[in-house]
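Here is what each chain is made of, one letter per residue.
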Amino acid sequence: MLGKGEAPAPREPEEEEEDTGGFVKLISAEGFEFIVDKKAAMVSNTLRNMLTSPGGFSETRQGEVRFPEIATHVLEKICQYFYWSLHYSSGKESAEFQIEPEITLELMMAANYLDT
């Protein structure tokens, strides 16, 4: 109970969203959700900036990014590329990243946006 003129003790701010830990949710235009390792998502400079920028951006707080212009089949391939890039970035091993010809243009446009 507080006496006259006494202010309540300051409270710690409550978390708006739960901590996503080491994972990020990427959401395609159709609403399909891909849960990827944060380290893999950081292959993209655009995602890195979205997820690590100070200033309280929703992507940073929630650990999720929506892509209203990227179709599910393209975002799936991008997620595969993130993991492929992490695995082969050391240069000790090499393997070709397979891209289906019918999604090449869409994939190039998305890769340009994501700066990968």
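Everything quoted here is computed from the prediction, not taken from an experiment.

Undergrad: Mind showing me how you'd approach the pattern of salt bridges here?
TA: Pairs can form between side chains of opposite charge once their charged atoms are near each other. Here the structure, examined in full by the defined rule, presents 4 salt bridges. A salt bridge links Lys25 to Glu33; the nearest nitrogen and oxygen atoms lie 3.6 Å apart. Overall, Lys25 belongs to the partly exposed group, its relative accessible area being 23%. Linking Lys25 and Glu64 is a salt bridge whose minimum nitrogen-to-oxygen distance equals 3.7 Å.

Undergrad: Even after reading the chapter, I still don't get the packing of helix H4 (residues 72-88) against helix H5 (residues 104-114), so can you show me in this structure?
TA: Think of two packed helices as two axes; the pair is described by the angle between the axes and how far apart they sit. Where H4 contacts H5, the two axes come as close as 10 Å, and the packing angle between them is 60°. Here H4 is positioned oblique relative to H5, judged by the angle of their axes. Remark: the crossing between H4 and H5 carries right-handed chirality. The segment H4 lies against H5, with His73, Val74, Lys77, Ile78 and Phe82 engaging Glu106, Leu107, Ala110 and Leu114. Tallied by class, the residues present in the contact of H4 with H5 amount to 6 nonpolar, 1 polar and 2 charged.

Undergrad: Looking at this structure, I do not really get the sheet that holds strand S3 (residues 64-66). What am I missing?
TA: Sheet strands line up and pair through hydrogen bonds in the backbone, either parallel or antiparallel. In spatial order, the strands read S2-S1-S3; together these 3 strands make up an open sheet with mixed pairing. Strands at the two margins of the open sheet, each flanked by one partner only, are strand S2 (33-37) and S3. The mean angle between the axes of side-by-side strands here comes to 20°, regardless of whether they run parallel or antiparallel. Bridge count for strand S1 (residues 23-27) against S3 is 3 bridges, and the pairing is parallel. Paired with Leu26 across the two strands is Val65, which belongs to S3. The sheet contacts of H4 involve S1 and S2, and relative to S2 the element is tilted by about 10°.

Basis of the calculations
- Residues numbered from 1 in each chain as written.
- Predicted model: local features only at pLDDT ≥ 70, side-chain atom pairs only at ≥ 80, totals over all residues.
- Heavy atoms only, no water.
- Salt bridge = Lys/Arg side-chain N within 4 Å of Asp/Glu carboxyl O.
- Buried < 20%, exposed > 50% of the residue type's maximum accessible area, 1.4 Å probe, protein only.
- Axes fitted to C-alpha atoms, helices over the stretch in contact; angles between N-to-C directions.
- Helix = DSSP H or I, 4+ residues; strand = E, 2+ residues; numbered from the N terminus.
- Parallel < 35°, antiparallel > 145°, perpendicular 65-115°, else oblique.
- Left-handed = near helix turned anticlockwise from the far one by under 90°.
- Contact = heavy atoms within 4.5 Å.
- Nonpolar A, V, L, I, M, F, W, Y, C, P; charged D, E, K, R; others polar.
- Pairing = 2+ DSSP bridges.

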